[in-house]
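Letter by letter, the chains look like this.
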Amino acid sequence: MKSIRRAFIFFLTFALLACSSADASAPPAQTIENKGSDTLVNLALAWAEKYQEERPDTRISVTGGGTGTGIAALINGSADLASASRKISAEELEEAQIKGVAPLEHIVARDAIAVIVNPNNPVSQLTLRQLADIYSGKIVNWNEVGGEDRPIVKLSRETNSGTHLYFLETVLRLGDKNNKTFFSPDTLLLPSSEGIVAETRQNPNAIGYDGLGYVPSDLKVIAVAKEEGDAYVLPSIATVNDQTYPIARDLFMYTNGEPTGNLQAYLEWILSPEAQALVAELGFVPIK
Amino acid sequence: MEKSLHWREFIITQIIKLSGYSAIVFVALILLFLLNEGLPALGKADLSSLFGTRWYPIENYFGILPLVSGSLVVTFGAALIAVPLGIGTAVYIAEIAPRWVREILKPLVELLGGLPSVVLGFLGILVVSPYLRLFLNLPTGLTAFTGSLLLGGIAVPTIVSVAEDALDAVPRSYREGAWALGATQWQTIWRVTLPAAKSGVLTGVMLGIGRAIGETMTVMMVTGNAPVLAFKLGSLFAPARTMTATIAAEMGEVANGSAHYHVLFLIGIILFLISLLVNVLASSVIFRARRRAERILS
């Protein structure tokens, strides 16, 4: 009895070994590690999914974590492709050079930051200057910008988000490198887009900002003018591409040096009309 | 035969001794690690920036005070809610409730303690904070108080569980003595049972507060994370940023070895010191209580 059982276990072990070696002999899948910007993560996932349907021999794994995380991963070699919602910083470039990595920039899509308020808020347009004054704490009541007599509750992404940095540079500091305006300390720093959306949805005092691709249709989007006297523009694919909407930016993928093989094929595919159609579907702005 | 028994005894005692010492070793190692990673912050970041009131790490403003005050305000609020509620529940379960109620209540309270804090956070964002805003007429419901309420919920099961055990361990003869002297049930609880279980109840309270101050996820989701220096009474009803939420939100993306990285570890050291202080205070109170009790009994 005992020997039968032992033989059976033996057989099982062999069967398992055979199975695993059969797996190993299948054509080796090429894996592309794509890591980085949370702004880009949904788009990167959609691209990866579609691409893998067409080319089953390529495996693409996509993770978020933020632009900083992605670039750090590219530098230390744990990612082949870093998605970024901002240009690589001077310090990061320096660190890359020390490690012998040469980050190469590819523009893959465009993004606009939409300013959102509660649907019951009567305010529908603001200038960049007014937005800057709201977020830096100079304007504290909605009646100062033509709204009701309510306190303004400012919502922002956490400081490590690329969206936060972009908003700081473009809106609070109006694109001026020497401007040292800060977010007012009572600005709520929420760890996720979902947090900003949830709070804006239920709080008529709130103002928030997030990537156009993440704004649900039940929130009110503010039309923004670059200067007082300019036209107020709502963010849309058309207004971002003709550059009339003032809070828009390019989105990047970084590779280590000129991409080759699978990686090159993937990046070329991303610029194809098929992949760029996905960009529009997810609320971002196609580059062509 | 006797020799092997002797050996076994020896080995088992040694293993038990080792696991006892391992706690000390781990704490010492963690402290060493924290000191090693956190102390360089004092050299890398300006001291004036560390004691400043602005926390904006991407531009090297490392004012820790708003974060410390945020943690203290949220924890203070949580203690205010959890201590009376926790002790009350423990007293009810141990002293007043009929047996069948006790058998339902205690597991339920312990189940509450097992709730993942993320789930509580969701509850906070979607239910507690909107109602708090409307109910208290606040600009926003994402405030220190919202965090306190939920942390109170997290601390209560710890307090109840430990305090109830302590109350349960008070000999029945104490209560019978009090009743025999004509004390009412409330007098017995307040004058006899609770004081007799004091050290256990205090341990429960301290453990509960320790859980509250170390809790991260819930707090990060509901307190709004605004690094405002909290020193007024109204600060409890304004957004706050705690030390734990700061570490959790920022550690993921910080460049290894940068000033920001070391400052985050410095915050870890401060957290460590605060919980050490809480523990030392608790044990000194317990120690004093025991000595007094021994004097009375002898």
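Before any of the text, the structure's been laid out above.
The rules behind these values
- Residues numbered from 1 in each chain as written.
- Chains lettered and ligands numbered in written order.
- Predicted model: local features only at pLDDT ≥ 70, side-chain atom pairs only at ≥ 80, totals over all residues.
- Heavy atoms only, no water.
- Pairing = 2+ DSSP bridges.
- Helix = DSSP H or I, 4+ residues; strand = E, 2+ residues; numbered from the N terminus.
- Buried < 20%, exposed > 50% of the residue type's maximum accessible area, 1.4 Å probe, protein only.
- Polar contact = N/O pair within 3.5 Å; in protein donor to acceptor, adjacent residues only side chain to side chain.
- Contact = heavy atoms within 4.5 Å.
- Phe/Tyr/Trp six-rings, centres within 6.5 Å; stacked < 30°, edge-to-face > 60°.
- Lys NZ or Arg CZ within 6 Å of the ring centre and 35° of its normal.

Chemist: So what about the pairing of strand E11 (residues 248–256) of chain A? Which residues, and what values?
Modeler: All names here are of chain A. Both strand E3 (residues 81–84) and E11 contribute to a ladder of four bridges, which runs antiparallel. Residue pairing across strands places leucine 81 opposite threonine 255, the latter belonging to E11. Strand direction decides the pairing type here: strand E4 (residues 103–117) and E11, joined by nine bridges, are antiparallel. Paired with arginine 110 across the bridge in E11 is aspartate 250.

Chemist: Go over unusual backbone geometry, please, and point to the residues and values.
Modeler: Residue and element names in this part refer to chain B. A positive phi angle is found at asparagine 60, which is not glycine, with a value near 65°. Mapping asparagine 60 onto the fold places it in the loop between strand E1 (55–56) and strand E2 (61–62). Non-glycine residue asparagine 225 carries a positive phi angle of around 55°. By the secondary structure assignment, asparagine 225 is in the loop between helix H11 (217–222) and helix H12 (243–251). Looking at asparagine 225, the relative accessible area reads 0%, which means it is buried.

Chemist: I'd like a description of the side chain of serine 71 of chain B, backed by residues and values.
Modeler: Residues and elements named next belong to chain B. Residue position: serine 71 is located in helix H4 (residues 65–96). At 3.0 Å, the side chain of serine 71 forms a polar contact with the backbone nitrogen of methionine 243. With near-sequence residues (within four places) excluded, serine 71 lies in contact with Arg241, Thr242, Met243 and Thr244.

Chemist: Could you give me a rundown of the packing of aromatic side chains, with the residues and numbers involved?
Modeler: Here the structure, examined in full by the defined rule, presents 17 aromatic pairs over all chains. When the ring of tyrosine 51 of chain A is compared with that of tryptophan 269 of chain A, the centres are 5.2 Å apart and the planes differ by 55°; the resulting orientation is tilted. Residue tyrosine 51 of chain A is found in helix H2 (residues 41–54), and its partner tryptophan 269 of chain A is found in helix H9 (residues 261–270); the two are separated by 218 residues along the sequence. Summarising the burial analysis for this pair, tyrosine 51 of chain A and tryptophan 269 of chain A share the class buried. For the pair phenylalanine 182 of chain A and tyrosine 61 of chain B, a centre-to-centre distance of 5.0 Å together with 85° between the ring planes defines the contact as edge-to-face. In this pair, phenylalanine 182 of chain A is assigned in the loop between helix H6 (162–172) and strand E7 (188–190) and tyrosine 61 of chain B in strand E2, connecting two distinct chains. Ring pairing ties together the aromatic residues Tyr135, Phe167, Phe183 and Tyr209 of chain A, which thus form one cluster. Across the ring face of phenylalanine 182 of chain A, the terminal group of arginine 173 of chain A is positioned such that the distance to the ring centre comes to 5.4 Å. In this arrangement the basic side chain of arginine 54 of chain B is found over the ring face of phenylalanine 182 of chain A, its NZ or CZ atom lying 4.0 Å from the centre.

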